[in-house]
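# Descriptive structure summary
Read off the chains here:
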Amino acid sequence: GPLPIGRGVSVPPHTEVASSPPWVALVFALVADGTLFVSLLFGTLYLWIAAPNWPPSATPGTSLGLALGVVAALALATVAARGSLRALAAGRKPQAWMVLAALLLAASIAALLELIGGIMPHPREHALGATAAALLGYVIAHAAIGLLFLASNSWRNAAGYLSPRRTLDLRLTRLWLDYTAVTAAIAMALVLALPSLVGMLGART
């Protein structure tokens, strides 16, 4: 609840405020992070103009099932994050939702690693494969950071720092996972579209 700060004034701690400094900081961090993601997307498209040996000798291809599985797992992780937030706000234990979100993130990381391992052409052999690997690696990094968010949530919940009035940690996790799921969907769409785009553009003169 509100804490006295002097002169008869009491204010709530930042963990109980909607637009607290950590929330605003994460929003700004994700805006900056988004510029990096847009740069990766632009780089993938720009290489059609600048990359040598175009088109690649190996036809690019990505497992549709794995790609859709990654997007579905990350989307469900955002649902689990919301479930943990609702449970905490209602005075219930959020641990089961946290575990579910962590399992979904771990599954998405495993699938992404398998996708990177099967990229054609190989990332070391052609710019097309390298940019596809960079996009998938971006999603892996953000899913892994999501696991760190959940680990922090679990520790702070066990230590008694979370309550129906102190939901900031879970709100930050939800925001991070929302960003991860949206960027993953965009990245997967581009990676899946690469074979069609290569065929559409054909060889450059």
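Overview of the structure. Computed from a prediction, not measured in an experiment: that's the story for all the values here.

Further remarks concern the overall build of the protein. Helix and strand content of the protein: 5 helices and 2 strands. Going from the N terminus to the C terminus, the protein shows its helices and strands as β-β-α-α-α-α-α. Here the contacts in the protein between residues at least 6 apart in sequence split such that 78% fall between residues at least 24 apart.

Take the environment of I119 next. With respect to the helices and strands, I119 occurs in the loop between α3 (95-117) and α4 (127-158). Sequence spacing of I119 and V191 is 72 residues, and the spatial spacing of their C-alpha atoms is 9.7 Å. Ignoring any residue separated from it by four or fewer positions in sequence, one finds I119 in contact with G129, A132, A133 and L136.

Residues I5, V9 and V11 make up a contiguous nonpolar surface patch of roughly 240 Å² in combined accessible area. Assignment of secondary structure puts V9 in strand β2 (residues 9-11). Accessibility expressed as a relative area gives 40% for V9, which makes it partly exposed.

Before going further, it helps to spend a moment on the packing of α3 against α4. Across the interface, α3 lies against α4 with an axial gap of 9 Å and an inter-helix angle of 160 degrees. With respect to α4, the axis of α3 lies roughly antiparallel. With respect to the hand of their crossing, α3 and α4 are arranged in left-handed fashion. In terms of residue class, the contact of α3 with α4 is made up of 18 nonpolar, 7 polar and no charged.

Here we take up the nonpolar core. In terms of nonpolar packing, the biggest core is built from 43 residues, with L74 and L112 touching the most fellow members. For this core, the elements supplying multiple residues, two or more each, are α1 (21-50), α2 (64-89), α3, α4 and α5 (168-201). Here this core gets 13 residues from one element, more than from any other, and that element is α5. Of all hydrophobic cores here, the second largest spans 5 residues; its members include L88, M98, L162 and L170.

Scanning all chains against the criterion turns up 2 salt bridges. Taking the shortest distance from any N to any O, the salt bridge between R82 and D178 comes out at 2.8 Å. Remark: D178 occurs in helix α5 and R82 occurs in helix α2; sequence separation between them is 96 residues. R82 sits in the partly exposed class, given a relative accessible area of 32%. Between D169 and R156 there is a salt bridge, and its shortest N-O distance comes to 2.7 Å. Of this pair, D169 sits in helix α5 while R156 sits in helix α4, and the two are 13 residues apart along the sequence.

We now examine the environment of R92. Topologically, R92 is positioned in the loop between α2 and α3. C-alpha of R92 to C-alpha of P164: the two residues are 72 residues apart in sequence and 8.6 Å apart in space. Setting aside chain neighbours within four positions, we find R92 in contact with R86 and A87.

Here we come to the packing of aromatic side chains. Within the structure shown, the criterion is met by 4 aromatic pairs. With a centroid separation of 6.5 Å and 45 degrees between ring planes, the pair formed by W176 and Y179 is classed as tilted. With W176 and Y179 both in helix α5 and 3 residues apart, the pair spans about one turn of that helix. For the pair formed by W176 and Y179, the shared burial category is buried.

Cut-offs applied
- Residues numbered from 1 in each chain as written.
- Predicted model: local features only at pLDDT ≥ 70, side-chain atom pairs only at ≥ 80, totals over all residues.
- Heavy atoms only, no water.
- Helix = DSSP H or I, 4+ residues; strand = E, 2+ residues; numbered from the N terminus.
- Contact = heavy atoms within 4.5 Å.
- Patch = residues over 30% accessible without salt bridge, like charges linked within 9 Å, V, L, I, M, F, W, Y side chains within 5 Å.
- Areas by Shrake-Rupley, 256 points an atom, 1.4 Å probe, with all protein chains shown as cover.
- Salt bridge = Lys/Arg side-chain N within 4 Å of Asp/Glu carboxyl O.
- Buried < 20%, exposed > 50% of the residue type's maximum accessible area, 1.4 Å probe, protein only.
- Axes fitted to C-alpha atoms, helices over the stretch in contact; angles between N-to-C directions.
- Parallel < 35°, antiparallel > 145°, perpendicular 65-115°, else oblique.
- Left-handed = near helix turned anticlockwise from the far one by under 90°.
- Nonpolar A, V, L, I, M, F, W, Y, C, P; charged D, E, K, R; others polar.
- Core = buried A, V, L, I, M, F, W, Y, C linked by side-chain atoms within 4.5 Å.
- Phe/Tyr/Trp six-rings, centres within 6.5 Å; stacked < 30°, edge-to-face > 60°.

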